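Residue-level structural notes
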Amino acid sequence: MAVAKKPRYVDVTNPSLSVECPRCGLITQRFIDQCRNCGYKLWPSSEMASAAFKAWRDADPSRAAASRFDLDLPPPPIDDTVDFAERAHTLGIHLFPNSNYPFIICVGMFFLGLAAIPFSAPARITMAVIGGLIFLYGVVGWVLVEDVRMYPSDSPPTQGEVHH
Ligand SMILES: [Zn+2]
């Protein structure tokens with residue numbers, strides 16, 4: 001069986017994945033056993049076409065990503081990574097920095113919420129003090145420390161609620 005599946009001949013120097021069908025003349029996949037337009041038998045069997053495709057693909061490392069169901073080689077990958085922080089800076093859009101401080105702010109709000117429950121007065125005051133300190137620490141760290149560090153110079157007076 002292994003002998004029967006081997007390609008009898010495949011021109012590995014031809015880089016094309018498509019071929020002109022001998023019967024209908026339209027472009028079809030070179031390594032599919034039948035023409036996709038008229039069904040003309042290009043290869044004796046699908047296994048043989050696949051084996052020929054593998055021989056063709058392995059002949060050149062640049063063909064590694066090719067599929068025998070395509071008419072063309074896949075285009076080279078495009079580097080489309082975008083530095084959004086850089087773009088926002090050029091466009092003058094204010095982005096808040098990536099930060100863990102919002103989690104701290106939430107922890108502070110949790111204790112402030114506990115302080116709203118009618119426990120005994122000393123417990124509520126303790127909760128309020130703890131929550132208030134954590135909350136303020138988070139707000140100061142996020143808005144006044146990290147944000148200013150990210151935008152050191154561009155602090156026009158219109159943004160006075162954040163910068164001073
Ligand atoms: Zn055809």
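Heads up: the structure comes first, above all this text.
These lines cover the structure that appears in this document, whether it is placed above or below. Treat the numbers as computed from the prediction; the structure is a model and nothing was measured.

Each value, and the rule that gives it
Residues numbered from 1 in each chain as written. Predicted model: local features only at pLDDT ≥ 70, side-chain atom pairs only at ≥ 80, totals over all residues. Heavy atoms only, no water. Patch = residues over 30% accessible without salt bridge, like charges linked within 9 Å, V, L, I, M, F, W, Y side chains within 5 Å. Areas by Shrake-Rupley, 256 points an atom, 1.4 Å probe, with all protein chains shown as cover. Salt bridge = Lys/Arg side-chain N within 4 Å of Asp/Glu carboxyl O. Helix = DSSP H or I, 4+ residues; strand = E, 2+ residues; numbered from the N terminus. Buried < 20%, exposed > 50% of the residue type's maximum accessible area, 1.4 Å probe, protein only. Core = buried A, V, L, I, M, F, W, Y, C linked by side-chain atoms within 4.5 Å. Contact = heavy atoms within 4.5 Å. Donors = N, O, S within 2.8 Å, 3.2 Å for Na, K, Ca; no water. Tetrahedral: all angles 85-135°; square planar, octahedral: opposite > 155°, others 65-115°.

To continue, consider a nonpolar patch on the surface. Together, Leu 91, Ile 93 and Leu 95 line one region of the surface with nonpolar side chains, adding up to about 270 Å² of accessible area. Counting through the fold element by element, Leu 95 comes out in the loop between helix 3 (84–91) and helix 4 (101–115). Classification of Leu 95 by relative accessible area gives partly exposed; the value is 32%.

The next subject is the nonpolar core. Val 10, Leu 17, Phe 31, Trp 43, Ala 49, Ala 52, Phe 53, Trp 56 and Ala 66 together form the largest nonpolar core, which totals 9 residues. Beyond its immediate sequence surroundings of up to four residues, Ala 66 is in contact with Leu 17, Phe 53, Trp 56, Leu 73 and Pro 74.

What follows concerns the coordination of the zinc ion. The coordination sphere of the zinc ion contains the protein donors Cys 21 (SG), Cys 24 (SG), Cys 35 (SG) and Cys 38 (SG), at a distance range of 2.2 to 2.3 Å. Considering all 4 donor atoms around the zinc ion, angles at the metal cover 104 to 114 degrees and the coordination shape is tetrahedral. Mapping the donors of the zinc ion onto the primary sequence yields the spacing C-x2-C-x10-C-x2-C. With Cys 24 in the loop between strand 1 (18–20) and strand 2 (27–29) and Cys 35 in the loop between strand 2 and helix 2 (46–58), this residue pair connects regions lying 11 residues apart in the sequence.

The analysis is restricted to geometry; functional conclusions fall outside its scope.
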